[in-house]
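Breakdown of the fold
The primary structure of each chain is shown beneath.
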Amino acid sequence: MTSMLTYTFKNLPSTSKWALQFFVRPLSCSSQLRAAPAAQTKSKKTLAKPNIRNVVVVDGVRIPFLQSGTSYKDLMPHDLARAALSGLLTRTNVPKDLVDYIIFGTVIQEVKTSNVAREAALGAGFSDKTPAHTVTMACISSNQAMTTGIGLIASGQYDVVVAGGVELMSDVPIRHSRKMRKMMLELNKAKTLGQRLSLISKFRLNFLSPELPAVAEFSTSETMGHSADRLAAAFAVSRLDQDEYALRSHSLAKKAQDEGLLSDVVPFKVPGRETVTKDNGIRPSSLEQMAKLKPAFIKPYGTVTAANSSFLTDGASAMLIMAEEKALALGYKPKAYLRDFVYVSQDPKDQLLLGPTYATPKVLEKAGLTMNDIDAFEFHEAFSGQILANFKAMDSDWFAQNYMGRKTKVGSPPLEKFNNWGGSLSLGHPFGATGCRLVMAAANRLRKEGGQYGLVAACAAGGQGHAMIVEAYPK
Amino acid sequence: MGPVPSREESHLVSRKRTAGRGAKGNSARGGFSQAVRRAPIWGQAEQKSPPLRGPRLSPFHFRPLQLKMVASRAIGSLSRATASRIRRCPGYTCRNFSGSSALRARTHINYGVKGDVAVVRINSPNSKVNTLNKELQSEFMEVMNEIWASDQIRSAVLISSKPGCFIAGADINMLASCKTFEEVTQISREGQKTFEKLEKSTKPIVAAISGACLGGGLELAIACQYRIATKDRKTVLGTPEVLLGILPGAGGTQRLPKMVGVPAAFDMMLTGRNIRADRAKKMGLVDQLVDPLGPGLKPPEERTIEYLEEVAVTFAKGLSDKKISIKRDKGLVDKLISYAMSIPFVRQQIYKKVEEKVQKQTKGLYPAPLKIIDVVKTGIEQGNEAGYLSESQKFGELAMTKESKALIGLYHGQVLCKKNKFGAPQKEAKHLAILGAGLMGAGIAQVSVDKGLRTILKDATLAGLGRGQQQVFKGLNDKVKKKALTSFERDSIFSSLTGQLDYQGFEKADMVIEAVFEDLSLKHRVLKEVEAVIPDHCVFASNTSALPINEIAAVSKRPEKVIGMHYFSPVDKMQLLEIITTDKTSKDTMASAVAVGLKQGKVIIVVKDGPGFYTTRCLAPMMSEVLRILQEGVEPKKLDSLTTSFGFPVGAATLVDEVGVDVAKHVSEDLGKAFGERFGGGSVELLKQMVSRGFLGRKSGKGFYIYQEGVKNKNVNSDMDGILASLKVPPKSEVSSDEDIQYRLVTRFVNEAVLCLQEGILATPTEGDIGAVFGLGFPPCLGGPFRFVDLYGAQKVVDRLRRYEAAYGKQFTPCQLLIDHANSPNKKFYQ
């Protein structure tokens, strides 16, 4: 292995205050060299850290995100994950036996495939010698899959990791009631006919009422939409603002789709059905149409509607991450570095969806960047109201001082750099798979639009949040 | 006008009969007070009726005398007197509004106009709560008249600017200052007229309710066309007037039955219970709910009120544009009920049943519930006019009754006993350690953890500890079942309780409360062990019902840190805490103990150390008299009925069984030794024999009565006949009438209480009254021993005592202070 120096001239978008930048990046497998401070002249710094391996995204893909109950409705979660993994194999041509480890995120688990990562990997033709595990952290599950991978690589355990996520909302486990389950389990153990009969005699009709997967926050029993509506109200976000933002998301997504910018999408031939090639939830409408909808959660006067919320989605994503030197050794041209990341958590009742507000300043501080350094923002859009509330919170000194223990606000992201290719509101939000989509969108946008740093942030059930800096790989 | 401001949600707990059964085998633990606990003080009905859920309301579930609610309320109206001349800057409240008339500054009310909606904001100055007083009412009418006259305004929103309080009720002092029936009636008439105008308003009025909406506040709200409430635990609606011995006097008795149906209205007005917003919505008492908001760009409470206002304005607009109808969709059950209520025969049956139930529960001692029924009946059967007239008349009559004065006195007393007269302690107690996980220890732990105190519960055995932890968990879980807590909150609260067998972590404790067996040497041992591990500032409190604190403190290295905290069982239900100070106890220790007690939600009396302190000492002579009466051949059942019909919640013989015969024996021997002949009367021999036969009361299954699991009507224990016969003494016919028997019990109690004040055990009569009513079940309708002397007349009490003294001797000798009061009729405990 030899060390390399890459010199890159970069044109930054005109919105940036730097017109032309020159920067030097040490890329090295040798620890000594890596430890050496990079020679930086007139350049934006890099986020490489001494003695820590650089982790890169070689590439990432996703199958089209579909509204639940459409083309994927007869499949199982691992089928979707399998499709994403196959797509990744096709896209990257990575030798299967080189993959050290596979991690997938998912939220609503299919009990038959509780380690969906393993089932999908086997089905997708990965080596049966590659171990796999599944993580869950609500809407930031695949972020967790990625950062777990980063940890494994950075600590030197592995070189090549596949991270991804999957969610199938067309089918969710609906269980028997606890009473029924208890009776059935006891029946299993009953030895004599008498025991069985006495157990059966305890049966009551209400045992048959099914138990649906919780749509509500366990700790507060509040549904997320309800919380989002309250959050929007708390920050005085109007219905019109929310509808406008949702319309923006759909319009941008449509434009991106039409212009072929959503290059992470791989087609999926659904068994027994047509080949799905694009996301089907993008539906730019008019403000008038949207204004007609009734509130979905706080009735009759709430502001969160079906049109300004993300919809239930089926989908899967996967990406190939590697130690930088490994990627280069294999001859890859990585798309981006995965840099500093943070997880945050706060009050799951009143600040359920404020994760990005808490995570953004923290990750920027950690990376030594400011909002101005970021060229591409990719935030998870759970609800229009949630995004706009986060903007207001990020732009409030009062909030920063009273709730975040910070001296000043971090500032809200400039809209022209924000979710320019659509977001979860329009593209869809398969809970477990969104994280990888966000990172790939940031990486692809940096390549396409120019710029060095992307910021990915998301909120998640349980009052948690995540943010990560994605740094464009020098061209 | 319905008084009773309330700022705190009272514990609407239905006490179950089984509440105390866990006491079995805990004989010595908790002692005297433990027994009193099982003798629920406030109305037996409360024990029996299950909490009401859902829209189905039966008229047969009410708890007319749930006075503790009244008493638990902090009143803001007290500060009314100072109700400030400070005018608020008009620009402040009206900054968002146009309209010149809106800019006129008023003291209590401000209003502005948003579009064509007037927003009327109520904000009494210098007070945490809004109370309906004359000033506020006249300003309100002034504002409303402007609104009605304005062409620009088409609807109105009524809202309070105070988070946590809409209107907490009418001003009690306004009633207190009335000297005659006519004056009170007039107040009611005026209130009725005001609210009638609101009801008939052609411009829709929306009441936007956040926080307490009680009494007159509720009557105001139900006179409006529409009600929107925040779904907050602080938002409670109710008509607590009955708890003050009066009735809703501003049209409430007439409007409420029409709004929520007769059965539900009776339930509300006869129990005075607080209704939370979500239930109020189900009942049809409010039309819309608004969720409280979290932090945004402003503090949550502030933004929530703003949001409530925004929503209310939308609805007010909708109503005036006729886009929203004020008619509510009634459920099938509601329709059936209202159909049934249209049949005169059904109505008559309901009145009858309700009256019977009230009679049974109040024993005719409380006039308010019956008058409420009467007034509601008049309104429904004879029309509005007659109803309103009857309401104001009866309101006037009730306000003049002794019962009402007694109840209002208790209410004021309780407000006083919710304050820390020693000021803030130097160090706020945050870490508590409780020794002994028995019924008392676990109870104290429960009321501590659920108020956010980190608590260690230590016991000597794993089994004992486990039992205690289970008790705490069950107490919290019961709240979950009643939806007062979420299961998550329960878990989180329970996690701040640490159960252990050793003294680990005691080095962080700010206060240790011991609730070990009532045995001096054990308490000494525990005190020494604890003092070896606790930090210097830590307070050592002893939960004992009879052991003198200075004797416990005798072995302490730091007696200034030792104090008595006498809880009453069940701790989570009984509101009283008797704090006992010795000569050596420091002021800061007192401040700390009171602060912890207040945090635990207790009503606190602080008394001086002495045998039996205050509560146990007052009860002992009365108990002694109970024994004598039984020895004189009065049947236990007869004695019970005599005491309950006097207003005690539990019969005297039953009380002995509940206290535990062994405990009663122990206490009467101890106090007998300390006080000598004055505590004599009945023979302790009776108790001794009962103990030797194993008749320990409820805990052993037999006492004066036989207790069987699942058997509701207890039978007299016939084995007692022999014991009673052997100890029989001839009754003295001149003092053995039913009334005399009642007064022999009560006057001994009262005399001892007054003596406690005379000796300085008690600091104030108020504390004496609160302690007697909340700790011992002294009839609330009498207001406590001191109020009783004031209302009944000291001379009459002394006369009775003298008469009994002539028959029995020293036990009935009136104390000097009582004689002083008798000699100068102007002397009152309450001026």
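Heads up: the structure comes first, above all this text.
Residues numbered from 1 in each chain as written. Chains lettered and ligands numbered in written order. Predicted model: local features only at pLDDT ≥ 70, side-chain atom pairs only at ≥ 80, totals over all residues. Heavy atoms only, no water.

Some points on the pattern of salt bridges
Residues and elements named next belong to chain B. Let me state the cut-off plainly: A pairing counts as a salt bridge when a side-chain nitrogen of Lys or Arg comes within 4 Å of a carboxyl oxygen of Asp or Glu. Helix numbering and strand numbering both begin at the N terminus, where a helix is a DSSP run of H or I of at least 4 residues and a strand a DSSP run of E of at least 2. Summary of the burial criterion: residues with accessible area below 20% of their type's maximum are buried, those above 50% are exposed, and those between are partly exposed, where the area comes from a 1.4 Å probe applied to protein chains only.
For the coordinates displayed, the defined rule picks out 70 salt bridges over all chains. Taking the shortest distance from any N to any O, the salt bridge between Arg744 and Glu625 comes out at 2.9 Å. With Arg744 in helix 30 (residues 738–759) and Glu625 in helix 24 (residues 615–631), this pair connects stretches of sequence that are 119 residues apart. Taken individually, Arg744 and Glu625 each receive the classification buried, so the pair is uniform in this respect. A salt bridge links Arg744 to Glu632; the shortest N-O distance between them is 3.1 Å. Here the residue Arg744 occupies a position in helix 30, and Glu632 occupies one in the loop between helix 24 and helix 25 (636–646), the gap between them amounting to 112 residues. Each member of the pair, Arg744 as well as Glu632, carries the same accessibility label: buried. Salt bridges sharing common partners tie together Glu625, Arg628, Glu632, Arg744 and Arg748.

Focus on the interface of chain A and chain B
Note the cut-off: When checking whether two residues touch, look at their non-hydrogen atoms; a contact exists if any pair is within 4.5 Å. In short, buried area is how much 1.4 Å probe accessible area vanishes from two parts on joining, totalled over both. We call two N or O atoms a polar contact when they sit within 3.5 Å, provided that within protein one can donate a hydrogen and the other can accept it, with sequence-adjacent residues counted only if both atoms are side-chain atoms. When residues are sorted by character, Ala, Val, Leu, Ile, Met, Phe, Trp, Tyr, Cys and Pro go into the nonpolar class, Asp, Glu, Lys and Arg into the charged class, and all the rest, Gly among them, into the polar class.
Counting residues at the interface gives 18 residues for chain A, matched by 19 residues for chain B. In this assembly, chain A packs against chain B so that about 1600 Å² is buried in total across both faces, 64% of it on carbon and sulfur atoms. Area buried by chain A at its contact with chain B is led by Ala234, Tyr301 and Trp398 of chain A, which between them contribute 36% of it. Summed over the shared surface of chain A and chain B, the result is 0 salt bridges. Between the two partners, chain A and chain B, sit 5 residue pairs in polar contact (both at pLDDT 80 or more). The element contributing the most residues to the side of chain A that touches chain B is helix 7 (residues 224–234) of chain A, with 4 residues. Its residues assigned to classes, the side of chain A that touches chain B comprises 10 nonpolar, 4 polar and 4 charged.

Some points on the nonpolar core
All names here are of chain B. What counts is decided by this rule: Side-chain atoms within 4.5 Å are what join buried Ala, Val, Leu, Ile, Met, Phe, Trp, Tyr and Cys residues into a set we call a nonpolar core.
Grouped together as the largest cluster of nonpolar side chains are 111 residues, with contacts concentrated most on Val512, Tyr614, Leu639, Phe778, Phe786 and Phe788. The greatest single-element share of this core, amounting to 11 residues, is contributed by helix 30. Not counting residues up to four positions away in its chain, the partners in contact with Phe778 are Phe648, Val746, Phe749, Val750, Ala772, Val773, Gly784, Pro785 and Phe788. Counting 78 residues, the second-largest nonpolar core is a separate cluster that includes Leu220, Ala221, Ala223 and Ile408.

As for a nonpolar patch on the surface
Residue and element names in this part refer to chain A. Rules: What goes into a patch is any residue over 30% in relative accessible area without a salt bridge, connected to like charges within 9 Å or, for nonpolar side chains (Val, Leu, Ile, Met, Phe, Trp, Tyr), within 5 Å. Per-residue and other accessible areas were derived by the Shrake-Rupley procedure at a 1.4 Å probe size, with only the shown protein chains allowed to occlude residues.
A contiguous nonpolar surface patch, about 310 Å² in accessible area, is contributed by Leu193, Leu197 and Ile200. Within the element layout of this structure, Leu193 appears in helix 6 (residues 193–201). For Leu193, a relative accessible area of 59% translates into the label exposed.

Focus: the sheet that holds strand 10 (residues 288–290) of chain B
Adjacent strands of a sheet pair through backbone hydrogen bonds, lying either parallel or antiparallel. Residue and element names in this part refer to chain B. Keep this limit in mind: Strand pairing requires that DSSP identify at least two bridges connecting the strands. Where helices are involved, their axes are fitted lines through C-alpha atoms of the stretch in contact, as for all axes, and angles between N-to-C directions lie from 0 to 180°.
Pairing is mixed across the open sheet formed by 6 strands, whose spatial order is 1-2-3-5-7-10. With partners counted over all chains shown, the strands left at the sheet margins are strand 1 (109–114) and strand 10, one partner each. Taking the axes of each pair of neighbouring strands and ignoring which way they run, one obtains an average angle of 20° across the sheet. In this sheet, strand 2 (residues 117–122) lies alongside strand 1 in antiparallel orientation, the contact comprising 6 bridges. Directly across from Asn110, in strand 2, lies its bridge partner Arg121.

Some remarks on the sheet that holds strand 15 (residues 539–542) of chain B
Residue and element names in this part refer to chain B. Judged by pairing direction, the sheet is mixed, and its 8 strands sit side by side in the order 13-12-11-14-15-16-17-18 without closing on themselves. The open sheet terminates on both sides in strands that have one partner only, identified here as strand 13 (497–500) and strand 18 (603–608). Within this sheet the neighbouring strands show an average axis-to-axis angle of 25°, counted without direction. In this structure, strand 15 lies alongside strand 16 (residues 562–567), joined through 3 bridges in parallel fashion. Paired with Ala541 across the strands is Ile563, a residue of strand 16. Against the sheet, helix 19 (residues 462–481) engages strand 12 (454–458) and strand 13, with an angle of about 165° to strand 13.

Describing the packing of helix 5 (residues 178–189) of chain A against helix 6 of chain A
All names here are of chain A. Heads up, the rule is: Note that the term roughly parallel is reserved for angles under 35 degrees, roughly antiparallel for angles over 145, roughly perpendicular for angles of 65 to 115, and oblique for everything else.
Running from N to C, helix 5 and helix 6 cross one another at 175°; their axes reach a closest spacing of 9 Å. When the axis of helix 5 is compared with that of helix 6, the two are roughly antiparallel. Between helix 5 and helix 6, the residues in contact are Met183, Glu186 and Leu187 and Arg196, Leu199 and Ile200, respectively. Its residues placed into classes, the contact of helix 5 with helix 6 shows 4 nonpolar, no polar and 2 charged.

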